[in-house]
Amino acid sequence: MKTSPTLGNRIMAWSADLATHTDHPGMLTCAYMTPAHRAVAAQLDTWMHDCGFDEVRHDAVGNVIGLYRADPATAQPRLVSTGSHYDTVRDGGKYDGRLGILLPMAIVADLHAQGRRLPYDLEVVAFSEEEGLRFGSTFLGSSAYVGRFDNTVLDKTDADGISMRAAIVEAGLDPAQSAHCATDVSRLKHYFEVHIEQGPVLLDRGLPLGIVTAINGGVRRTLTLTGLASHAGTTPMDMRHDAACAAAEIILYVEQRCASVPGLVGTVGTLQVVNGSVNVVPGACRLSLDLRAPQDSMRDAALADIEARIEEICQRRGVRCDMEEVMRKTASACAPGEQALWAKAIAAHDAAVYELPSGAGHDAMMVGQVASMSMLFVRCGNGGISHNPLETITVEDAQLAAQVTASFLQELAATC
Ligand code: HGY
Ligand code: MN
Ligand code: MN
């Protein structure tokens, strides 16, 4: 008899509710420490209490952490953590990050309703920031959670000149405590993250779930090109130092260089002519560079070639390039032991077991620096699109992912 997808329904309803909190009406944008972001934190706090978590804490950088204590009969229980981020990209989807928070919350609500406990403490973490949308720095929540928060980012400013430090204070939190948010890493047995695939592979193969084998390593940089602003009507073409033309050559080279190697991806996601005017030769351009690959060596070889080509283009055009590295994450392998436990849990629900790498970065890369980590991917609809309001999953896949994750928690319990 087909059971009603109660867990799936709950996850979908919560996702829709959270998506009503946005910085820009008409689209879902939830940037770090905005009023919408704070409203989501408050909503998660309420729901975590309703689910039956024993403790819900907010740390200095905005993480919301629910603790579901171990069976009291367990002497010196270890800690298992799971979670994902609740910030979004601009005009994003409602499942990126949030699925990985809401799904384990729904499981804890189920366990609590049945009066059941696990032989380990379970922390469900709503990481406050992963995307880097407002301040350019990424993994703020998960870096604080593992005790690796870089305090220098507190002085970064957003497009309105507001510092991260001021935004955190404005939200009623204390940035001076940002270095003291770490969980008890010494007890951390394993971290897992359930996330939408954000790509077309599972959809293409007609599969609801996938076990992640590794997460691509990434480098993110901002480039500022400085040429010479001059009159569009009187400056001969061979006397220009056009920053936008330099940017155009760079962007096309990034595309060509990365298209030449399977698995390597390169993206210029933001591009602006600084103080541009219709009748002025662009004097300055700012652009971003995002490079990723399954191996760091593949990524770094591409980066070296792109740097060399930037130098040649700028030299030829009389343009200066200043580059700032804003993120570097090494490729992260998922724990083989826990991948096998996911396979057992998936098979126990008569679903096909499929393994795949992650092209997207995740909080698991950060937590994986201090503990073993694993990830479960959930199929994305609409051609696998993500970082887009068309991002979608089905209630049936949410239900199955929740049931499989509940089984995974039991498989983990058997290893305690
Ligand atoms: O960009 C990423 O890979 C992630 O979605 N933040
Ligand atoms: Mn994302
Ligand atoms: Mn994400």
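Residues numbered from 1 in each chain as written. Chains lettered and ligands numbered in written order. Predicted model: local features only at pLDDT ≥ 70, side-chain atom pairs only at ≥ 80, totals over all residues. Heavy atoms only, no water.

### Topic: the coordination of the manganese ion (ligand 3)
Taken together, the protein ligands of the manganese ion (ligand 3) are His85 (NE2), Asp96 (OD) and His195 (NE2), with distances of 2.1 to 2.3 Å. The sequence motif formed by the donor residues of the manganese ion (ligand 3) is H-x10-D-x98-H. The manganese ion (ligand 2) is placed at 3.4 Å from the manganese ion (ligand 3), the two being bridged by Asp96. Taken as a pair, His85 in strand β3 (residues 79-85) and His195 in strand β5 (residues 188-196) lie far apart in primary sequence, 110 residues in all. (Donors = N, O, S within 2.8 Å, 3.2 Å for Na, K, Ca; no water. Helix = DSSP H or I, 4+ residues; strand = E, 2+ residues; numbered from the N terminus.)

### Re the packing of helix α7 (residues 243-259) against helix α8 (residues 296-317)
Remark: α7 packs on α8, axes separated minimally by 10 Å, with the N-to-C direction vectors making an angle of 155°. Here α7 is positioned roughly antiparallel relative to α8, judged by the angle of their axes. Every pair of crossing elements has a handedness; the one defined by α7 and α8 is right-handed. Contacts between α7 and α8 involve Cys245, Ala246, Glu249, Ile250, Tyr253, Val254 and Arg257 on the former and, on the latter, Ala301, Ala302, Asp305, Ile306, Arg309, Ile310, Ile313, Arg316 and Arg317. (Axes fitted to C-alpha atoms, helices over the stretch in contact; angles between N-to-C directions. Parallel < 35°, antiparallel > 145°, perpendicular 65-115°, else oblique. Left-handed = near helix turned anticlockwise from the far one by under 90°. Contact = heavy atoms within 4.5 Å.)

### Examining the coordination of the manganese ion (ligand 2)
The manganese ion (ligand 2) binds to the protein through Asp96 (OD), Glu131 (OE) and His387 (NE2); the donor distances cover 2.1 to 2.2 Å. Site description for the manganese ion (ligand 2): donor spacing in sequence, D-x34-E-x255-H. Judged by relative accessible area, Glu131 falls into the buried class, the value being 10%. Note on His387: relative accessible area 41%, which makes it partly exposed. (Buried < 20%, exposed > 50% of the residue type's maximum accessible area, 1.4 Å probe, protein only.)

### Observations concerning the layout of surface pockets
A volume near 260 Å³ is recorded for the second largest pocket. Ser137, Thr138, Asp150, Val153 and Val326 are, among the 18 residues lining the second largest pocket, the residues nearest its centre. It is strand β13 (residues 320-329) that contributes the most residues to the lining of the second largest pocket, six residues altogether. Class assignment of the residues belonging to the lining of the second largest pocket gives a composition of seven nonpolar, four polar and seven charged. (1 Å grid on protein atoms, 1.4 Å probe; cavity = no way out; pocket = protein on both sides within 12 Å on 5 of 7 lines; lining within 4 Å. Points joined across faces, edges and corners; volume = space filled by probe spheres on them. Nonpolar A, V, L, I, M, F, W, Y, C, P; charged D, E, K, R; others polar.)

### Digging into the nonpolar core
Of all hydrophobic cores here, the largest spans 59 residues; its most connected members are Leu44, Phe53 and Met105. Leave out the neighbours within four places in its chain, and Leu44 touches Leu18, Tyr86, Ile101, Leu102, Met105 and Ala126. Of all hydrophobic cores here, the second largest spans 24 residues; its members include Ile65, Leu207, Val212 and Ile215. (Core = buried A, V, L, I, M, F, W, Y, C linked by side-chain atoms within 4.5 Å.)

### Let's talk about the pattern of salt bridges
Here the idea is simple: oppositely charged side chains can pair when their charged atoms come close. Evaluated as defined, the whole model comprises 23 salt bridges. A salt bridge links Arg187 to Asp184, with the shortest nitrogen-to-oxygen separation between them at 3.1 Å. Take Asp184: its relative accessible area is 33%, and that puts it in the partly exposed class. A salt bridge links Arg316 to Glu249, with the nearest nitrogen and oxygen atoms 2.9 Å apart. Taken together, the positions of Arg316 in helix α8 and Glu249 in helix α7 put the pair 67 residues apart, joining distant regions of the chain. One network of salt bridges, in which partners are shared, links Arg221, Asp296, Arg299, Asp300, Glu307, Glu325 and Arg328. (Salt bridge = Lys/Arg side-chain N within 4 Å of Asp/Glu carboxyl O.)

### With respect to the domain arrangement of the protein
Once the domains are mapped, the protein shows domain 1 (6-215 + 331-413) and domain 2 (217-329). Spacing between the C-alpha centres of domain 1 and domain 2 amounts to 33 Å. Listed by partner, the interface residues are 13 residues for domain 1 and ten residues for domain 2. In total, domain 1 and domain 2 occlude about 780 Å² of area from one another, counting both sides; carbon and sulfur atoms represent 50% of this. Three residues, Thr138, Ala331 and Met365, lead the burial of domain 1 against domain 2; their summed loss comes to 44% of the area buried on that side. Linking domain 1 with domain 2 are one salt bridge. In this structure, Lys156 and Glu324 form a salt bridge, with 3.2 Å as the shortest nitrogen-oxygen distance. At the boundary of domain 1 and domain 2, one finds four residue pairs in polar contact (both at pLDDT 80 or more). Residue classes in the side of domain 1 that touches domain 2 are distributed as six nonpolar, five polar and two charged. (Domains from an automatic or database assignment. Buried area = accessible area lost by both parts, 1.4 Å probe. Polar contact = N/O pair within 3.5 Å; in protein donor to acceptor, adjacent residues only side chain to side chain.)

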